[in-house]
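Topology and contacts: notes
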2 protein chains.
Amino acid sequence: MLDKRESDTQNVVAIMAEVGRKARAAARPLALASAERKYAALIGMAEAVRQNMKSIIEANAIDIANGEAAGLSPAMMDRLRLDESRIRGIEDGIRAIAELKDPVGEIIAEWDRPNGLHIERVRTPLGVIGVIYESRPNVTADAGALCLKAGNAVILRGGSDSAHSSAAIHACLKQGLKSAGLPEDAIQLVPTTDRAAVGEMLKGLSGNVDVIVPRGGRSLVERVQNEARVPVFAHLEGICHLYVDKSAKLDMTIDIALNAKMRRTGICGATESLLIDRAVASTHLVPILQKLEAAGCEIRGTDEVMALYEAAIPAEEQDWATEYLDAIISVKLVDGVSEAIDHIENWSSHHTEAIVAEDPAAVERFFNEIDSAILLHNASTQFADGGEFGMGAEIGIATGRMHARGPVGVEQLTSFKYRVRGNGQVRPS
Amino acid sequence: MLDKRESDTQNVVAIMAEVGRKARAAARPLALASAERKYAALIGMAEAVRQNMKSIIEANAIDIANGEAAGLSPAMMDRLRLDESRIRGIEDGIRAIAELKDPVGEIIAEWDRPNGLHIERVRTPLGVIGVIYESRPNVTADAGALCLKAGNAVILRGGSDSAHSSAAIHACLKQGLKSAGLPEDAIQLVPTTDRAAVGEMLKGLSGNVDVIVPRGGRSLVERVQNEARVPVFAHLEGICHLYVDKSAKLDMTIDIALNAKMRRTGICGATESLLIDRAVASTHLVPILQKLEAAGCEIRGTDEVMALYEAAIPAEEQDWATEYLDAIISVKLVDGVSEAIDHIENWSSHHTEAIVAEDPAAVERFFNEIDSAILLHNASTQFADGGEFGMGAEIGIATGRMHARGPVGVEQLTSFKYRVRGNGQVRPS
């Protein structure tokens, strides 16, 4: 006889295998579904969220009560909580995704060959996406809708603290699928809160998961990146840099530095390290740091920085490798764009970096020599966002170099195939 | 004390770790190298191959003698053998890659945002490519040159039977790199024939391999796909289909069928299964099969096919799953494009499929509903080739849906990053 744990594990394996098979079976009708049908499903989902607001709030109340009993942190409780305004936000988010251009079938490139063959590269869905996220119930709707728009089946595995809220939202998504005649298995919510389910997803469910997208903090992403046997779209952290060149305009620099660091400190595109060209340290450093400090930012600097700005705290080596996600910035002087590039290539997480400069040569070197997903000139690092890029919505930001890089929107959730049109061509021997 | 095997294994691990570190170190200067410098290196390689023809032939003679002593098959011996003409072919191949457009820095897409930000998506190198191949010495030059053109460092692991030939060619590649002032470690040949080296590469050399490309037979690709902890560009097999619709012109069909199956039977784009619309079986089947048989092709058919064409051998279920790579074809009647699509989705390896038809509706269904890397209309499946697609050269054909699909040429060996140009934009709260 099996003891309980073994029997539970076997149970989870069987449940997840079934989830994988259902997702793969749903992927094909979904890939062939017309743009109109997917649009109708998404509008149906948005309507269902509106109509079921009361039951979503009731389900959320159970999660909130459980969360209070479990002593979740105030930040976690805030992320968990749904009210009318947030649920309207979820509805609006689904509607915005519905209005995006359908990527499937789009001709990305086409060309003719001398022998008369006409070649088209055409977007196709990726297949089955696995999304693993923490207790943010809204991700259930965002991720489900975005994957559907790109013609993919999706397996959603949300945090157990938000299980009731996610299930209530998921019921609305299924209602939308059903109303449009699409398979309800196109968007599945993992029906167990057992953590072993995550391990099964990371193994790929016998080839039934094509890519995994983790949404959450560093420890979740780290586990996914280490254990996944399928491709992962993710970034581990956003150690973003702002470099102030000697050719930078001071007023612009102050505005950008303040926004890049302080607009929202907890997002991956927030600047964590400020590099200032030694040539303008005497004029630029103090006004920039004064503004940051006045806005509530802690300044951690090198000896040189502290000599110019007494209120700074000493920066340790570890600071250059730290994503604070808080009102803290590390500051260093560098010898122009060369040393800025060296520092960034050495310490960056290759997410997003910005340069403030008027000298085009400095900008071009920064753009060419830094291998990060997003590089900005005279703009805030906080623009690192699919919405700000005009992609409409994103499922996350990727720092890998395979397939998707930067904001992952509907286009990045597709693959492609070639269609070749001839009139009897055979290949010469 | 370690016994010999343990000590050897530790040795291989250390050697491969060093290879990985050197590759990563070379990747950055290579990524920043100008198009002119890479061009000069490639021309230098081609010149070196020409100048060292004698020493390449001498090295090859050692492999040939060892191969004969080891009793390699005639096919393997043929692949192994180099003569003046084949070495000139290698030289010409490198020159052709030199002449390709440099992909690095190319702007793939660009657009403006309402706030004035200008966004560019720009090609960048992937990083470090690992190529694992069997005893075809020419792959050393092809793969090395192609990876270099895309700005990637490459680790080449060739078959041990071609070790001397590959080393002689590799020496020429290094000479070209050196003459252009590029790091010689940009193209490394694994300095041990120990099979454990392959296992180390598949583990990714501590993050120092970004993608693996296997070039060889099914057993090599299968091992790589099963064991690799990094992304793989590959196809396991090419079970390619040719579907003859009732609207097909008979003459065109005969030409295409003959070419698709018999032009070269051993390549991945060769047709393995022929599906004929039942509606034209009485008119089309016999003339097509007669031509194939006259060209030396064995016909394996269903009962229906055998009833129409007596010389056919019975096809077993296994035939639909078999990549013959030989002068054999499996033949079946289907009820129009619907059943053709069902058969292909069930049995295909999703490499390449062709339809012969004059009816545009049949073609569109075939193109839309089959999820293979390459779909052709009124053309031979043997066009499944990077050169035929106008990509100049390819490192292989991929059937996965991530990053690269279809022929893998220089563009597919790149990633991208975003360059965003502003004039002081900050993100609203």
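Residues numbered from 1 in each chain as written. Chains lettered and ligands numbered in written order. Predicted model: local features only at pLDDT ≥ 70, side-chain atom pairs only at ≥ 80, totals over all residues. Heavy atoms only, no water.

1. Digging into the interface of chain A and chain B
Under the convention used in this document: Residue contacts are counted whenever heavy atoms from the two residues lie within 4.5 Å of one another. Once two parts are put together, the accessible area they lose, assessed with a 1.4 Å probe and summed over both, is termed the buried area. A side-chain nitrogen of Lys or Arg and a carboxyl oxygen of Asp or Glu constitute a salt bridge if their distance falls within 4 Å. In protein, a polar contact requires one atom able to donate a hydrogen and another able to accept it; more generally it is a pair of N or O atoms within 3.5 Å, and residues adjacent in sequence count only if both atoms are side-chain atoms. Secondary structure is summarised from DSSP: a helix means a run of H or I of at least four residues, a strand means a run of E of at least two, and numbering begins at the N terminus for each. Gly is put with the polar residues, along with every residue not named as nonpolar or charged; the nonpolar set is Ala, Val, Leu, Ile, Met, Phe, Trp, Tyr, Cys and Pro, and the charged set is Asp, Glu, Lys and Arg. Note: two strands are recorded as paired if DSSP finds a minimum of 2 bridges between them.
At the junction of the two partners, chain A supplies 76 residues and chain B supplies 76 residues. Between chain A and chain B, roughly 6,000 Å² of surface is buried when both sides are summed, and carbon and sulfur atoms account for 49% of that area. Taken together, the connections running from chain A to chain B amount to eight salt bridges. Linking R28(B) and E345(A) is a salt bridge whose minimum nitrogen-to-oxygen distance equals 3.4 Å. For the pair chain A and chain B, the interface holds 53 residue pairs in polar contact (both at pLDDT 80 or more). The greatest single-element share of the side of chain A that touches chain B, amounting to eleven residues, is contributed by strand β16 (residues 414-425) of chain A. Its residues placed into classes, the side of chain A that touches chain B shows 32 nonpolar, 22 polar and 22 charged. One ladder, built from five bridges, connects strand β13 (residues 374-379) of chain A with strand β16 (residues 414-425) of chain B; its direction is parallel. By the bridge assignment for β16(B), H377(A) is matched with R421(B).

2. Description of the UniProt feature "domain: Aldehyde dehydrogenase" (unreviewed entry) in chain A
Short version of the rule: UniProt positions are given in the numbering used here, feature names are shortened, and annotations may be inferred rather than shown by experiment.
In the numbering adopted here, UniProt assigns the feature "domain: Aldehyde dehydrogenase" (unreviewed entry) to residues 21-291 of chain A. The straight-line gap between the two end C-alpha atoms of residues 21-291 of chain A is 56 Å; of that span, 52% is helix and 17% is strand.

3. Re the sheet that holds strand β6 (residues 211-215) of chain B
All names here are of chain B. Definition in use: Simply put, an axis is a line fit to the C-alpha atoms, just over the touching stretch for a helix, and the angle between two N-to-C directions goes from 0 to 180 degrees.
The strand order β5-β4-β3-β6 describes an open sheet built from four strands, whose pairing is parallel. Whereas interior strands pair on both sides, the edge strands pair on one side only; in this sheet they are β5 (187-189) and β6. With strand direction ignored, the average angle separating the axes of adjacent strands in the sheet is 20°. Sheet topology places strand β4 (residues 153-157) next to β5; three bridges connect them, and they run parallel. Across the sheet, the residue bridging to L156 is L189, located in β5.

4. A word on the domain arrangement of chain A
Reports of interface size often rely on the accessible area that becomes lost once the parts have come together. Our working definition: Domains are outlined according to an automatic or database domain assignment.
If you check the domain split of chain A, you get domain 1 (4-233 + 408-418) and domain 2 (240-383). Between the C-alpha centres of domain 1 of chain A and domain 2 of chain A the distance comes to 36 Å.

5. Overview of the pairing of strand β7 (residues 240-244) of chain B
Residue and element names in this part refer to chain B. Put simply, the rule is: Only protein chains enter the accessibility calculation, which uses a 1.4 Å probe; a residue whose area is less than 20% of its type maximum is buried, one above 50% is exposed, and one in between is partly exposed.
Burial within β7 is extensive, with five of its five residues counted as buried. Neither face of β7 is exposed, since C240, L242 and V244 on one face and H241 and Y243 on the opposite face are all buried. Of the strand pairs in this sheet, β7 and strand β8 (residues 271-277) are connected by five bridges, and their pairing is parallel. The residue bridging V244 from the neighbouring strand is I276, located in β8. With four bridges joining them, β7 and strand β12 (residues 352-356) adopt parallel strand pairing. Residue pairing for β12: H241 is matched across the bridge by E353.

6. Remarks on the packing of helix α5 (residues 84-99) of chain A against helix α6 (residues 137-149) of chain A
Residues and elements named next belong to chain A. Heads up, the rule is: With respect to orientation, any angle under 35 degrees is reported as roughly parallel, any angle over 145 as roughly antiparallel, any angle of 65 to 115 as roughly perpendicular, and every other angle as oblique.
With their axes 10 Å apart at the nearest point, α5 and α6 run at an angle of 10° to one another. Judged on the interaxial angle alone, α6 and α5 are roughly parallel. Of the residues in α6, those in contact with I90, I94, I97 and A98 of α5 are N138, A141, D142, A145, L146 and K149. Split into classes, the residues belonging to the contact of α5 with α6 amount to seven nonpolar, one polar and two charged.

7. A short note on the sheet that holds strand β9 (residues 298-301) of chain B
The mixed open sheet is built from ten strands, whose spatial order is β1(A)-β2(A)-β16(A)-β13(B)-β12(B)-β7(B)-β8(B)-β11(B)-β9(B)-β10(B). Both outer strands of the open sheet, β1 (107-112) of chain A together with β10 (313-314) of chain B, are each paired with one neighbouring strand and no more. Sheet analysis places β9(B) next to β10(B), joined by two bridges and oriented parallel. Note that in β10(B) the partner of G301(B) across the bridge is P314(B). Where helix α14 (residues 360-369) of chain B meets the sheet, its contacts fall on β16 of chain A together with β7, β12 and β13 (374-379) of chain B, and the angle it forms with β16(A) comes to roughly 150°.

8. A word on the relation of the copies chain A and chain B
Filter applied, for reference: The copies are overlaid by a least-squares fit using only the C-alpha atoms of residues whose pLDDT is at least 70 in both copies.
Between chain A and chain B, the superposition needs a rotation of 180° and an axial shift of 0.0 Å, giving an RMSD of 0.0 Å. Expressed as an axis order, the relation between the two copies is that of a two-fold axis. The C-alpha atom lying nearest the rotation axis in chain A is that of H403(A); the distance is 2.0 Å. Both copies contact each other with a shared surface, as 100% of the interface residues of chain A are interface residues in chain B too.

9. So, the packing of helix α8 (residues 196-203) of chain B against helix α9 (residues 218-227) of chain B
All names here are of chain B. So the rule is basically this: For a crossing to be left-handed, the near helix must be turned anticlockwise from the far one by less than a right angle; the clockwise case is right-handed.
Contact geometry for α8 and α9: axes closest at 9 Å, N-to-C directions at 45°. The angle between α8 and α9 falls in the class oblique. Seen along the crossing, α8 lies across α9 with a hand that is right-handed. Between α8, through V198, G199 and L202, and α9, the contact on the second element is made entirely by R223, V224 and E227. Of the residues in the contact of α8 with α9, the class split is three nonpolar, one polar and two charged.

10. Brief notes about the packing of aromatic side chains
Where two aromatic rings form a pair, the distance of their centres and the angle of their planes describe that pair. Cut-off, in case you're wondering: Here a pair means two rings of Phe, Tyr or Trp (six-membered ring of Trp) with centres within 6.5 Å. Their orientation is stacked below 30 degrees between planes, edge-to-face above 60, and tilted elsewhere. Ring-over charges, as used throughout, are those where CZ of Arg or NZ of Lys falls within 6 Å of the ring centre and within 35 degrees of the ring normal.
One pass over the structure, following the stated rule, counts eight aromatic pairs over all chains. Considering the side-chain rings of Y418(A) and F389(B), the 5.2 Å spacing of their centres and the 85° angle between planes classify their relative orientation as edge-to-face. With Y418(A) in strand β16 and F389(B) in the loop between β13 and β14 (397-398), this residue pair bridges two chains. In this structure Y418(A) comes out as buried when scored by relative accessible area, which is 0%. Relative to Y418(B), the ring of W111(B) lies with its centre 6.4 Å away and its plane at 80°, an arrangement referred to as edge-to-face. With a gap of 307 residues between them, W111(B) in strand β1 (residues 107-112) and Y418(B) in strand β16 connect regions that are remote in the sequence. Taking the relative accessible area as the measure of exposure, W111(B) reaches 22% and is therefore partly exposed. Members of the aromatic cluster, joined through ring pairs, are W111(A), F416(A), Y418(A) and F389(B). It is K332(A) that lies over the ring of W320(A); its NZ or CZ is 5.7 Å from the centre. Just above the ring of F416(B) sits the side chain of R121(B); from NZ or CZ to the centre is 5.6 Å.

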